[in-house]
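# Survey of secondary and tertiary structure
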Amino acid sequence: MKILFLGNTLDIKTEIVYEIKSELATEFIYVENLDEWIRSKEENTDIEICIINVDKDKDQILRFEEYIINNWDESPILLYSKNTNLKEDCILNLPPNVYYNRDASPRSIVSKTKEIIGISSNRSSTNYYPIRSIRFKAVNSVVCDVYIKLGDNKFVKIIGKNDLYDNEQIQKYIKKGITTLYVLQEDYFEFCRHYSKLLGSMLATQNKTNLLKTEYTSISFIHEITNELGLSSIVVETIDDTVNSCMCILNENDHLLKFVDKLKKEGNYLYKHSQLLIYVSCAIALEMNWSSDSTLKKLSIASILHDITLENEELALIDELNDDKFDDLSWRDIKTIKNHSLDAFNLIAKSNNLPPDIESIVRDHHERPDGSGFPRGLFATNISPLSCIFILAEDFVHQFYEAGCKKSTCKSIIERLDKKYSKGNFRKPLEGIKKCFL
Ligand SMILES: [Fe+2]
Ligand SMILES: [Fe+2]
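Since the structure is predicted, the reported quantities are computational estimates derived from the model, not experimental observations.

### So, the nonpolar core
Counting residues in hydrophobic clusters, the biggest one holds 61 residues, and the most contacted among them are Tyr279 and Leu392. Beyond its immediate chain neighbours, meaning those up to four positions away, Tyr279 contacts Ile222, Thr226, Leu231, Val236 and Ile239.

As C-alpha cells, this is what we get:
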C-alpha cells in the first residue's frame, strides 16, 4: 500500500509514519511542497491515500486548497493541521473525500487512515501477519510457512516451513512490488524468535560493513536516530519485532500500560529516550552475541518501563547525584529522583507474566561502577551483566540526546564512557558499545 505524505514538520511526520507502519504494511513517499506533491501524484498512480500536514505555512495550504478544488481526482486526502486559524478557511470549500482531522494526534491519523482505506483496526481478525519482504532476504529458511497475498482473503503458500529458498526468489517478488509477505498469526512469535537467533549468529560472522550497507526500510522518529547512529536495518527490524512482542506482554498489565500510554501521549524526552534506549541496549547485546529472544525482551521492556514513575521530563534529564542541576531542585523533586527507580521496581514486581530480571534492571539503572549511583550505591562487580548493558546504554542515550543526536558526538561520548566504565561487569558491554557506534 502506498501513502503519499506531504509535510515538513519532522516530529509530526516521523511519529505518524511510525504509528502507521507499526500497524499497516505501507510504503511512504515523502514530499515537502505542493509542486513535489503534484509531480509524485502523477508519477504514482497506485497511491491509496495522501496525508498532508500543513501546520505552519498558510500560503501553501491556500495553494493546495485551490489545486484540489480545480484538479481533484477523487482519491482520498487526509488533511491535518493544528493551526486553528486555518481551519475554517480550509474546511469550507474542500470536496468530499478530503478529510479534515482536527485532533491531529498520531493515533487519530492512523485510525482515520485505516477507516478511509477500509482496513479493520482489529489485527486478530486476519489469520495472517504481514512481514516486510526484505527481511526474508537476510535468511534462507524460516521456521514456518510463508504466504503471498493475492486478494482480500486469498493467500497462497510460497515457502514451506524450514524449506531452503534463494534470495533471488524474494528479490523477484520485491521487484514486482510485493513488499510484504505473510506468516500465520500463530507462527509469528516463533518466526521472530528464530529470526533473532539467526541474526545473532550472522552478526558474529558477517562483515559489519556489509550489514551497514543494507537498505533502510523504516522511517520513524526513532529510526531516523538509529539510522544516524549507523545501526543496520536488520538489527533495527529485529529489535522492532522484539518491541512488538513486548507490547503484547505489556498489554496484559493494565497498571503498567497506563503509565506507558501517558508517556507515549506526551511524546517528550521521557518517551523518546526510552524508545532509543531499547535500540541501543539491544544493539549492544546483539554485538556481544547475547541475541537470545529473552535477553532482548528483558532489555526492551526495562527500557520502556525504567522511568515510568517520573512525570517531569526535566527530572529524567538528571542521571547522576552529582549533577549540577540538583542545586536548583526542591527537596520534593530530589526525593522523586532518588526514589524513582525503586518506585518503578515496586510497580513492576506486582505485574503478571513479565520475564524475570526486568525489575532488578530497572531498580539498578542509576547505579554506577564506582559506587556513586543510587539507590543502593553498588560497585561494578556487584551489578549484574544485563544491568551493566542497560546502565551503559542509558548513559549513552542520555549524553547522545544532550549533544543533539548527532553521530559526530559518539566518539567523545564513548571516550567519556570508557573512562567511567572500564571496570568489572561493564567491560564487555563497553567493548560492545564501541563496536556498535565507533
Ligand atoms: Fe532514563
Ligand atoms: Fe531514571
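Once you've had a look at it, read on.
### Looking at the sheet that holds strand E2 (residues 27–31)
Pairing within the open sheet is parallel, and its five strands lie in the order E2-E1-E3-E4-E5. Each of the sheet's edge strands pairs with one partner strand only, and the pair in question is E2 and strand E5 (98–101). Each neighbouring strand pair of the sheet contributes to a mean axis angle of 20°, computed without reference to strand direction. Note that strand E4 (residues 77–80) and E5 share four bridges and pair parallel. Opposite Tyr80, over in E5, you have Asn101 as the bridge partner.

### Thoughts on the confidence of the model for the protein
This prediction gives the protein a mean pLDDT of 80; 82% of its residues lie at or above 70. Considering each helix and strand of the protein separately, the mean pLDDT is smallest for helix H8 (residues 208–213), with a value of 32, and largest for helix H18 (residues 410–421), with 96. Long-range and interchain partners of residues 120–125, a stretch whose pLDDT sits below 50, account for three contacts in this model, where long-range means more than four residues apart. The model gives residues 204–219 a pLDDT under 50, and that stretch makes 25 contacts with residues more than four places away or in other chains.

### Here we look at the environment of Lys298
As for its position among the elements, Lys298 is in helix H13 (residues 293–305). Linking Lys298 and Cys282, residues 16 residues apart in sequence, is a C-alpha distance of 9.4 Å. When neighbours within four sequence positions are excluded, Lys298 is seen to be in contact with Pro355, Asp357, Ile358, Ile361 and Leu386.

### Describing unusual backbone geometry
With an omega of 10°, the peptide bond running from Phe374 to Pro375 counts as cis. In this structure, Pro375 sits in the loop between helix H16 (358–363) and helix H17 (385–402). Of note in the backbone geometry, Asn162 takes a positive phi value of approximately 60° without being a glycine. Of note, Asn162 is situated in the loop between strand E8 (154–159) and helix H6 (167–175). Classification of Asn162 by C-beta neighbours within 10 Å gives exposed; the count is 11. Positioned with a positive phi, Asp357 is a non-glycine residue whose angle comes to about 80°. A count of 17 C-beta atoms within 10 Å places Asp357 in the partly exposed class.

What counts, and where the lines are drawn
- Residues numbered from 1 in each chain as written.
- Chains lettered and ligands numbered in written order.
- Predicted model: local features only at pLDDT ≥ 70, side-chain atom pairs only at ≥ 80, totals over all residues.
- Core = buried A, V, L, I, M, F, W, Y, C linked by C-beta atoms within 7 Å.
- Buried ≥ 20, exposed ≤ 12 C-beta atoms within 10 Å, placed from the backbone.
- Contact = placed C-beta atoms within 7 Å.
- Pairing = 2+ DSSP bridges.
- Helix = DSSP H or I, 4+ residues; strand = E, 2+ residues; numbered from the N terminus.
- Axes fitted to C-alpha atoms, helices over the stretch in contact; angles between N-to-C directions.
- pLDDT = per-residue confidence, 0-100.

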